[in-house]
Amino acid sequence: MFRYNERRRDCSGSFVSQQSFFNIRKVHIKSGFWMGIKSMMLKTAGQNVPEVLAILEVLLKKERIGLLLQCHNIKKEFGIHEVLKSVSLDLEEGECVGLVGKNGAGKTTLANILYGELKPEGGEIIWHRKDVRIGYLRQSVYYTSDVLHDFHSGQEDPAQIQEFLHAAGELGTEKVSRWEEERFANLSGGERTKLALAQIWSAQPDLLILDEPTNHLDFQGVEWLVGELAGYPGTILVISHDRYFLDQTVNRILEVEDGVLCEYHGNYSFYRKEKRKRQEDQMHAYEVQEKRKEKLDSEIRQLRQWSGKAHRDSTKKGAKSGNKFGTKEFYRVKAKKMDRQVKSRTKRLEKLRTEGISKPKEEFQVSFALNDAQKHGKRVMEASNIQKRFGDRVLFRKSSFTLLRGEKVGLFGPNGCGKTTLVKAIIGQEPIEGTLFVSSSVSIGYMSQDVLDLESSKTAIDLFPAPNRREQGKIRTMLANLGFDGEMLREPLKSLSLGERTRLKLAALVLGGDDLLILDEPTNHL
């Protein structure tokens, strides 16, 4: 690995110093930088530089990486809501790029535009290759049992079928070819994601778009995906909130913020550090600018006072001399000079106000607190020799456990082992064999992994009926702390992103004040 310092312009328009890292295995260097990099490395590095340069030159000749696509000033609106204001980006062949941003920033919208499913209101997409094959892994809620069954039954290419079965097996979903329709009807969220991923992977597309690929995936699935992405020959665009996954897979981060893109050369950890540094640099530049504006404003006020006095003095002296030989104009020279200085400083001040550095926007911090549960008995739940099966398929058997008040317990296991089924049995939605005791004095708050169970025609505020103004204010404050402003509260749920809907479910759980909280994949989409 080697690095160099590059001066580049950040989103605010000011210049910052950025460290860019280049991996010797895949070198993403514009040809115009090559001689400069050579010269700088020879000056700063040690005796091994010629050997490194030789390796790089061989790789550049062997694997000339070019642009796959360019986007210029992409714009997209939904009603009065402008999601993408002016998005521009380049994707090079063979690179793996992470697309990040807060919930509702427009990441999935941009992916749908690249895929061709949505048309932008403005801008253009330039493809540098013909007939680019795109594979698009959507968020898991898209893949119903019928969609996945159609995927499986609709395949005709023997080689692709074999690749699909191999990928599915590596991911942990074995013997898919023997599954009956009933098995597809009872897939877990992780199994649906794995089958969709295996289907798309088997086609080996030129551009692979992965939208939240680690949602629902177990450890085996994530490990497989990390390993396979490292050797994937095509271009990859990953939309994710999983910082650990992004650290292991991407070499460039694109952040969607306020409808525009900011670029960071590095993984997720580098992006967080670099973004913090840019904000600090911008804040420093902003503070220097504000002091300059105050100084200019003070100088303008002082010059105007002096100019006014000079004009009055010239009038008095001119009148006293009877305006002979242009006496008044002679004394007005000084006043006019001050007028020009006022005009010059006023222009500079107006330019700073209209074109100057803006104050960096503080990163929003989610804030909420759970209510204290009422104290009842010590034993909350107890299971004795419970078991569950679907036909000949046994999920779990001879299982016993006890849950005491105040404990925080994690339920862990591979996709499809029965975690959600056990949760549904606890809340009374699924029958189970054996003895499962849940204290009758305990109220249960359940946050399911299904974000589509909210009524899409309702607005966010409709989900939280309040008996009085005081409670309504409390609810609005809590929703504001979770990132919902007044405009978002009036929008129908169908217009919100999956992450925003997940936050609403979290809000309902916070307001519930229950004794036992059950969270099924709570970080999905967040």
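Residues numbered from 1 in each chain as written. Predicted model: local features only at pLDDT ≥ 70, side-chain atom pairs only at ≥ 80, totals over all residues. Heavy atoms only, no water.

A.B. asks: Break down helix 13 (residues 469–481) for me, citing the residues and quoting the values.
C.D. replies: A rise of 1.5 Å per residue sets the reference length of helix 13, with its 13 residues, at 18 Å; its end C-alpha atoms lie 18 Å apart and thus fit the reference within 8%. The set of residues buried in helix 13 consists of I475, M478 and L479. Projected onto a plane normal to the axis of helix 13, the buried residues spread over an arc of 100° and lie on a single side. Facing away from the buried surface of helix 13 by more than 90 degrees, the exposed residues are R469 and R470. Elements in contact with the buried residues of helix 13: helix 14 (486–489) and helix 15 (498–512). Two or three places before R470, at the start of helix 13, stands the capping residue N468, its side-chain oxygen 3.1 Å from that residue's backbone nitrogen. Of the residues trailing helix 13, G483 is marked for its positive phi of about 100°. (Helix = DSSP H or I, 4+ residues; strand = E, 2+ residues; numbered from the N terminus. Expected span 1.5 Å × (residues − 1). Buried < 20%, exposed > 50% of the residue type's maximum accessible area, 1.4 Å probe, protein only. Arc of directions from axis to C-beta. Contact = heavy atoms within 4.5 Å. Polar contact = N/O pair within 3.5 Å; in protein donor to acceptor, adjacent residues only side chain to side chain.)

A.B. asks: Describe in detail the sheet that holds strand 3 (residues 67–78), supporting the description with residues and values.
C.D. replies: If you trace the three strands from one edge of the open sheet to the other, you get 4-3-6, paired in antiparallel fashion. Unpaired on one side and paired on the other, strand 4 (81–92) and strand 6 (122–127) mark the two borders of the sheet. Across the sheet, the mean angle separating the axes of adjacent strands is 10° when strand polarity is ignored. (Pairing = 2+ DSSP bridges. Axes fitted to C-alpha atoms, helices over the stretch in contact; angles between N-to-C directions.)

A.B. asks: Please give an account of the packing of aromatic side chains that cites residues and values.
C.D. replies: Taken as a whole, this structure holds five aromatic pairs when the rule is applied. Both rings, one in Y115 and one in Y136, keep their centres 5.1 Å apart while their planes meet at 55°; by these two values the pair is tilted. With Y115 in helix 3 (residues 107–115) and Y136 in strand 7 (residues 134–137), this residue pair connects regions lying 21 residues apart in the sequence. On the accessibility criterion, Y136 (6% relative accessible area) is buried. Its end group placed over the ring of F78, K76 keeps NZ or CZ at 5.4 Å from the ring centre. A cation sits over an aromatic face here: K388 above F390, 5.2 Å from the ring centre. (Phe/Tyr/Trp six-rings, centres within 6.5 Å; stacked < 30°, edge-to-face > 60°. Lys NZ or Arg CZ within 6 Å of the ring centre and 35° of its normal.)

A.B. asks: So what's going on with the pattern of salt bridges? Residues and values would help.
C.D. replies: Enumeration according to the criterion identifies 20 salt bridges in this entry. Between R133 and D206 there is a salt bridge, with its nearest N and O atoms 3.6 Å apart. Remark: D206 occurs in the loop between helix 7 (189–202) and strand 8 (207–211) and R133 occurs in the loop between strand 6 and strand 7; sequence separation between them is 73 residues. Here D206 falls in the buried class, since its relative accessible area comes to 15%. A salt bridge links E257 to K275, with the nearest nitrogen and oxygen atoms 3.8 Å apart. In this pair, E257 is assigned in strand 10 (residues 252–257) and K275 in helix 10 (residues 268–320), connecting sequence segments 18 residues apart. Judged by its relative accessible area of 28%, E257 is partly exposed. (Salt bridge = Lys/Arg side-chain N within 4 Å of Asp/Glu carboxyl O.)

A.B. asks: Give a detailed account of the sheet that holds strand 13 (residues 393–404), specifying residues and quantitative values.
C.D. replies: If you trace the three strands from one edge of the open sheet to the other, you get 13-12-14, paired in antiparallel fashion. Two strands close off the open sheet at either side, each with one partner strand: strand 13 and strand 14 (433–438). Strand-to-strand twist of the sheet, defined as the mean angle between neighbouring strand axes without regard to direction, takes the value 15°. Judged from the eight bridges that link them, strand 12 (residues 379–390) and strand 13 form a sheet pairing that is antiparallel. Each bridged residue has a counterpart across the sheet, and for A383 the counterpart in strand 13 is F401. The strands touched by helix 12 (residues 419–426) within the sheet are strand 12, strand 13 and strand 14, with strand 12 carrying the most contacts at an inclination of about 125°.

A.B. asks: Tell me about the nonpolar core, residues and numbers included.
C.D. replies: Among the nonpolar cores identified, the biggest contains 34 residues, and L197, W201, L208, L210, L225, L229 and I236 are the most heavily contacted of them. Considering every element that reaches this core, the biggest residue donor is helix 7, with six residues. Among all residues touching L225, those that are not within four sequence positions of it are L197, W201, P213, L217 and F245. Residues V97, A105, I209 and I239 belong to the second largest nonpolar core, which totals 25 residues. (Core = buried A, V, L, I, M, F, W, Y, C linked by side-chain atoms within 4.5 Å.)

A.B. asks: Give a detailed account of the pairing of strand 4, specifying residues and quantitative values.
C.D. replies: In the sheet, strand 3 pairs with strand 4 via eight bridges, with the strands oriented antiparallel. Among the inter-strand pairings, L67 is bridged to a residue of strand 4, identified as E92. The loop that links strand 3 with its antiparallel partner strand 4 comprises two residues; one of these, G79, has a positive phi angle of about 70°.

A.B. asks: How would you sum up helix 5 (residues 158–171)? Please name residues and give values.
C.D. replies: In this model, helix 5 (14 residues) spans 20 Å end to end at C-alpha, consistent with the 20 Å of a helix rising 1.5 Å per residue. Among all positions of helix 5, only F164, A167, A168 and L171 are buried. In a view along the axis of helix 5, the buried residues occupy a sector of 100°, so they form one face of it. Along helix 5, exposed side chains directed more than 90 degrees from the buried face belong to P158, A159 and Q162.

A.B. asks: Describe the pairing of strand 10, listing the residues and the values that go with them.
C.D. replies: A large share of strand 10 lies buried, amounting to five of its six residues. Relative to strand 10, strand 5 (residues 96–100) runs parallel, the two being bridged by four bridges. Its bridge partner lying in strand 10, L99 is registered against L254. Note that strand 10 and strand 11 (residues 260–264) share five bridges and pair antiparallel. If you follow L254 over to strand 11, its bridge partner there is E263. Connecting the antiparallel pair strand 10 and strand 11 is a turn made up of two residues, with D258 showing a positive phi of about 55°.

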